[in-house]
Number of protein chains: 2
Amino acid sequence: MLILKSHFKSRNGNLIIGELDVVELAKRFGTPLYVMDEQRIREKYRKFYAAFSSRWPSVLVCYALKANSNLAIAKILKSEGAGADVSSDNEMRIALQAGVPGTKMVFNGNHKSPSELKLAIENNVMINVDSFQELEAIEAITSKLKLRARISFRVNPDVQASTHPYIATGLRESKFGFDVASGQAFSAYRRALDMNNVEVVGMHANIGSQILEPEPFEEEARKLMALVVELKEKLNVFISVMDFGGGIGIPYKPEEKELDPNVVAERMVSVVKSVTEEKDLPKPTLMFEPGRYMVGDSGVLLTKVGYTKERPGIPTWIFIDAGMNALIRPALYGAYHHIEVANKLENKNDFEYNVGGPLCESGDFLGKNRKLAKVEQNDLVAVFDVGAYGLAMSNQHTAQSRPAVVLVNRNKAEIVRKRETFEDLTRLDQIPEWLK
Amino acid sequence: MLILKSHFKSRNGNLIIGELDVVELAKRFGTPLYVMDEQRIREKYRKFYAAFSSRWPSVLVCYALKANSNLAIAKILKSEGAGADVSSDNEMRIALQAGVPGTKMVFNGNHKSPSELKLAIENNVMINVDSFQELEAIEAITSKLKLRARISFRVNPDVQASTHPYIATGLRESKFGFDVASGQAFSAYRRALDMNNVEVVGMHANIGSQILEPEPFEEEARKLMALVVELKEKLNVFISVMDFGGGIGIPYKPEEKELDPNVVAERMVSVVKSVTEEKDLPKPTLMFEPGRYMVGDSGVLLTKVGYTKERPGIPTWIFIDAGMNALIRPALYGAYHHIEVANKLENKNDFEYNVGGPLCESGDFLGKNRKLAKVEQNDLVAVFDVGAYGLAMSNQHTAQSRPAVVLVNRNKAEIVRKRETFEDLTRLDQIPEWLK
């Protein structure tokens, strides 16, 4: 069964991205190739932003660069008005290069080094503080720099969301944040009040990633707003930025349904509204950190079939030129990515295949037992929904060069990341004197 | 409990690699830092080679570059006399740069592109052919180039070895090789005999990786030699190179025992000897492709503790500056890597910790529930046995720069791979005209 999301089309049996035929793209740019659809990214941003901004006066959507930190992608989102959620100094630099001002950035992570904190403070980036020691480090750095730091605390509301354990970040045992239930989060706020150079502006949580039901978000809002009220009542602290993190997923499997941001917004905003009205609190800015939602389904990995191989008793293997090197999600999370033969969309998907990558490792497959059109050598295979955590988590296992990335904007296409060469892989290697 | 393998020492509570103190190494080169011990690599090669060459007249040990394709490491093994097992054109180029002649190389993989095959053929590299279509591709390329190709067939003997399914490559359902039981492998040899430009020299299997018991290797030898006899008797084909692949593991966990290559050699050579004598066959060259065995336990990942964090009800988290970006084996395979506080080896390991990396992802940990010496900020943490599939499989998740690699040779230490910079991460990105 052929399943294409609505932003893709088929023409003469070929997959169309934007207005361009992937067979032409493969000819022009080679394979394996990441293809990103600019208009789709803009569409997703607008939908997300509208869902919240139509219900609440002050909303800032910070694109989570960890999903895809390509500079062109960051620029697209910046041009839509997005801020940036960064989790390393390098991501901060990319966001700055894209033109995002520090005041529209938030710096996340459990291990922010002194030099990273310095960069954030100098650029007036809001820091989501993750531990007491980090708070002390910030106070020390600000004293030295004679600057103030805008901070927020990452709190851990212990919300259960049904997702892969590796990306379920809101559970109590996770490495992130301050525990809410035990009063640890409250203590963090109290400690910050004693400090001279930190300005407490926000509260942050992140309950996970790839969540497709609204309930966990509502629970998150409820738990966080309860802490906001407690801080107001006991410490007279006003939280002006509620950073609810990311987490809205995308449907990877054909049977999965999209989670409409309007549904999430309706529930979360209701909670914030009722609490602020009831307690007579000023209206905070609502901040969000979507990554996957923004760019996940705009990306396609375009690969070519090198060989097919029949083996008794198992589905025929097809070997494509990208594997767990280019896209590690299937191997790492057991993630499903939909696959189609991109030059045979009009054929029936009547044949069962295992889809292997080019690496010398059994874990190197992108799909097993997939129904596809009959596959032959040199066919093009499209792997869908790879715009997030695709190239961003790619590696060079068996010294494979990583794919190029092409950005498609309607009828235009340009390289936004060049294909790696042998030189790119080895330029950092050097030989000590005694081995020359 | 402090557990150090015999090639490491402790001095004043600090870990010593070669003759050098890791506290000094961290000061001089920064963290996170991969440290490789040259003498240990040489020792492992010699032990492996001696085990087989003392029992058989013709032995070629091809170092599997996929474990660690750093040029200096390749040079060390070349200088010991090793050949190279390569699984991409880039690995072939690295091995050539290291001085390994093509005649001492073997090219593996299920997806060899035409340009990769061409490079192999031009350099007279033995090709372990993995599918019928690949065989036809080789014949086509050799005809065009007017060259001959030395080939071997990767056969799949369906040997069970207790290891992670991702690295158990000898099972019948794996993507690799020609099925032996159904006669597919036999057919491949017969097909090759009809070809003009391929010279059948070998037989290859690989039953997996990280195997710590000798039995699967003996079973492999028995199954392959049975096919050798069948080929001799039915097709009068003589197999002059028996490439038994890699697979000998290393003890990662304190309770695991080393698999002595002498034990493996004794069993495998006995099989080959008895079959060749019984059937009056010439003695083939025995070829092996160890990767992890050669370089795994010579590598240490040296990291610094940024923060520690207490959380009610769970072990204290310590956050170090390297995680699943630098070493993905724990997240990907659930692999155990032994961890010690490298500047407190004399303290008792009386405290329980979770060891997290710097990435914004819950899967980013290198160990959980580990007994360590009491950890404080700025302590050095050593993660052991990372010489294989460490940097080779590393990524730049959340735009983290990958660690530098230092080679230690007794009292000398030099960078053999420079630390990545922001420029290294972003130099391939470019902005299309319409976004400027």
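What you are looking at is a predicted structure, and each value in this text was computed from that prediction instead of being measured.

**Examining helix α7 (residues 184-193) of chain B**
Among all positions in α7(B), only B:Q184, B:A185, B:F186, B:A188, B:Y189 and B:A192 are buried. At its buried positions, α7(B) is contacted by β14 (299-311) of chain A together with α6 (132-145), β9 (149-156), β10 (178-179), β11 (198-204) and α8 (215-235) of chain B.

**What about the domain arrangement of chain A?**
All names here are of chain A. If you check the domain split of chain A, you get domain 1 (8-37 + 296-426) and domain 2 (108-290). Counting from both sides, the interface comprises nine residues of domain 1 and, opposite them, eight residues of domain 2. Of the roughly 810 Å² buried between domain 1 and domain 2, counting both surfaces, carbon and sulfur atoms make up 67%. Broken down residue by residue, the surface that domain 1 buries against domain 2 is led by Y333, Y336 and D385, which jointly contribute 58%. Taken together, the links from domain 1 to domain 2 amount to zero residue pairs in polar contact (both at pLDDT 80 or more).

**Observations regarding the packing of aromatic side chains**
Per the stated rule, a full pass over the model turns up 22 aromatic pairs over all chains. Every member of this aromatic cluster is reached through a ring pair, and the members are A:F48, A:F52, A:F244, A:F288 and A:Y293. Just above the ring of B:Y293 sits the side chain of B:K44; from NZ or CZ to the centre is 4.0 Å. We note B:R93 situated over the ring of A:F422; from NZ or CZ to the ring centre the distance is 5.8 Å.

**Comments concerning the pattern of salt bridges**
All names here are of chain A. In total, this model carries 60 salt bridges over all chains according to the counting rule given. Linking E43 and R40 is a salt bridge whose minimum nitrogen-to-oxygen distance equals 2.6 Å. A residue pair is termed a helical-turn pair when its members lie 3 or 4 positions apart in one helix, as E43 and R40 do in helix α2 (residues 38-53) at three residues. The class for E43 is partly exposed, based on a relative accessible area of 44%.

**Observations concerning the packing of α2(A) against helix α9 (residues 261-279) of chain A**
Helix packing for two helices is described by the angle between their axes and how far apart those axes are. Residues and elements named next belong to chain A. With their axes 8 Å apart at the nearest point, α2 and α9 run at an angle of 25 degrees to one another. Put simply, α2 runs roughly parallel to α9. Where α2 crosses over α9, the two elements pack in a sense that is right-handed. For the pair formed by α2 and α9, the contact residues are K47, F48, A51 and F52 on the first element and P261, N262, V264, A265, M268 and V269 on the second. When its residues are assigned to classes, the contact of α2 with α9 shows eight nonpolar, one polar and one charged.

**Examining the interface of chain A and chain B**
Each partner contributes residues to the interface: chain A has 106 residues there, and chain B has 106 residues. The tally of links between chain A and chain B comes to six salt bridges. B:R417 serves as the salt-bridge partner of A:D429, at 2.7 Å between the closest nitrogen and oxygen. At the junction of chain A and chain B, the tally comes to 52 residue pairs in polar contact (both at pLDDT 80 or more). When residues in the side of chain A that touches chain B are grouped by element, the largest group, seven residues, is from β14(A).

**Here we look at unusual backbone geometry**
Residues and elements named next belong to chain A. Following T31, the chain continues into P32 via a peptide bond in cis, with omega recorded as -10 degrees. Examined against the element boundaries, P32 turns out to sit in the loop between α1 (22-29) and β4 (33-37). One non-glycine residue, N12, adopts positive backbone phi at about 50 degrees. Counting through the fold element by element, N12 comes out in the loop between β1 (8-11) and β2 (14-17). When its relative accessible area of 67% is taken as the criterion, N12 is described as exposed. With a phi angle near 55 degrees, A399 is a residue other than glycine that sits in the positive phi range. Mapping A399 onto the fold places it in the loop between β19 (380-384) and β20 (404-409).

**Side note on the relation of the copies chain A and chain B**
When chain A is fitted to chain B, the residual RMSD is 0.0 Å, and the transformation amounts to a turn of 180 degrees plus an axial shift of 0.0 Å. Taken together, the rotation and translation relating the two chain copies correspond to the operation of a two-fold axis.

**Digging into the pairing of β20(A)**
Residues and elements named next belong to chain A. The element β20 is largely enclosed, with a buried count of six among its six residues. Of the two faces of β20, the one lined by A404, V406 and V408 and the one lined by V405, L407 and N409 are each fully buried. Pairing of β4 with β20 involves five bridges; the strand directions are parallel. Residue D37 lies in a different strand from β20, and its bridge partner there is V408. Relative to strand β21 (residues 412-417), β20 is paired through five bridges, and the arrangement is antiparallel. Bridging across to β21, V406 finds its partner in I415.

**Considerations on the environment of B:I17**
Residues and elements named next belong to chain B. Structurally, I17 is set in strand β2 (residues 14-17). Of the residues examined, I17 reaches a relative accessible area of 0% and is grouped as buried. As for I17 and M195, which are separated by 178 residues in sequence, their C-alpha atoms are 53 Å apart. Apart from residues lying up to four places away in sequence, I17 is in contact with F8, V22, V35, D37, V300, V408 and R410.

**Considerations on α6(B)**
Taking 1.5 Å per residue as the helical rise, α6(B) with its 14 residues ought to reach 20 Å, and the 20 Å between its terminal C-alpha atoms agrees with that figure. Listing the buried residues of α6(B) in full gives B:E134, B:L135, B:A137, B:I138, B:E139, B:I141 and B:T142. In this structure, the buried residues of α6(B) make contact with β14 of chain A together with α5 (114-122), β8 (126-129), β9, α7 and β11 of chain B. In the segment just after α6(B), B:K146 is the residue with positive phi, at about 55 degrees.

**Concerning the side chain of A:N395**
Structurally, A:N395 can be placed in the loop between β19 and β20. At 2.9 Å, the side chain of A:N395 forms a polar contact with the backbone nitrogen of A:H397. Setting aside anything within four residues of it in sequence, one finds A:N395 in contact with A:M324, A:N325, A:I328, A:Q400, A:R402, B:M393, B:S394 and B:N395.

**Thoughts on the sheet that holds β2(A)**
Residue and element names in this part refer to chain A. Read across the sheet, three strands follow the order β1-β2-β3 without closing on themselves; strand pairing throughout is antiparallel. Looking at the sheet topology across the chains shown, the edges are occupied by β1 and β3 (20-21). Note: β2 against β3, two bridges, orientation antiparallel. Each residue of the ladder has a partner; that of I16, found in β3, is D21.

**With respect to the nonpolar core**
Counting residues in each nonpolar core, the largest one holds 255 residues, and the members touching the most others are A:I151 and B:I151. Once residues lying within four places of it in the same chain are set aside, the contact partners of B:I151 are B:M126, B:I127, B:V129, B:L135, B:I138, B:A192, B:V198, B:E199, B:V200, B:V201 and B:G202.

**Quick notes on the pairing of β14(A)**
Residues and elements named next belong to chain A. Within β14, eleven of the 13 residues are buried, which leaves the element mostly enclosed by the surrounding structure. For β4 and β14, the ladder comprises four bridges, and the chain directions are antiparallel. Counted as the bridge partner of M36 is G299 from β14. Here β14 runs beside β19; their pairing, made up of five bridges, is antiparallel. Bridged to T303 within β19 is V381. In the sheet, β14 pairs with strand β15 (residues 314-320) via five bridges, with the strands oriented antiparallel.

What counts, and at which threshold
- Residues numbered from 1 in each chain as written.
- Chains lettered and ligands numbered in written order.
- Predicted model: local features only at pLDDT ≥ 70, side-chain atom pairs only at ≥ 80, totals over all residues.
- Heavy atoms only, no water.
- Buried < 20%, exposed > 50% of the residue type's maximum accessible area, 1.4 Å probe, protein only.
- Helix = DSSP H or I, 4+ residues; strand = E, 2+ residues; numbered from the N terminus.
- Contact = heavy atoms within 4.5 Å.
- Domains from an automatic or database assignment.
- Buried area = accessible area lost by both parts, 1.4 Å probe.
- Polar contact = N/O pair within 3.5 Å; in protein donor to acceptor, adjacent residues only side chain to side chain.
- Phe/Tyr/Trp six-rings, centres within 6.5 Å; stacked < 30°, edge-to-face > 60°.
- Lys NZ or Arg CZ within 6 Å of the ring centre and 35° of its normal.
- Salt bridge = Lys/Arg side-chain N within 4 Å of Asp/Glu carboxyl O.
- Axes fitted to C-alpha atoms, helices over the stretch in contact; angles between N-to-C directions.
- Parallel < 35°, antiparallel > 145°, perpendicular 65-115°, else oblique.
- Left-handed = near helix turned anticlockwise from the far one by under 90°.
- Nonpolar A, V, L, I, M, F, W, Y, C, P; charged D, E, K, R; others polar.
- Least-squares fit on C-alpha atoms with pLDDT ≥ 70 in both.
- Pairing = 2+ DSSP bridges.
- Expected span 1.5 Å × (residues − 1).
- Core = buried A, V, L, I, M, F, W, Y, C linked by side-chain atoms within 4.5 Å.

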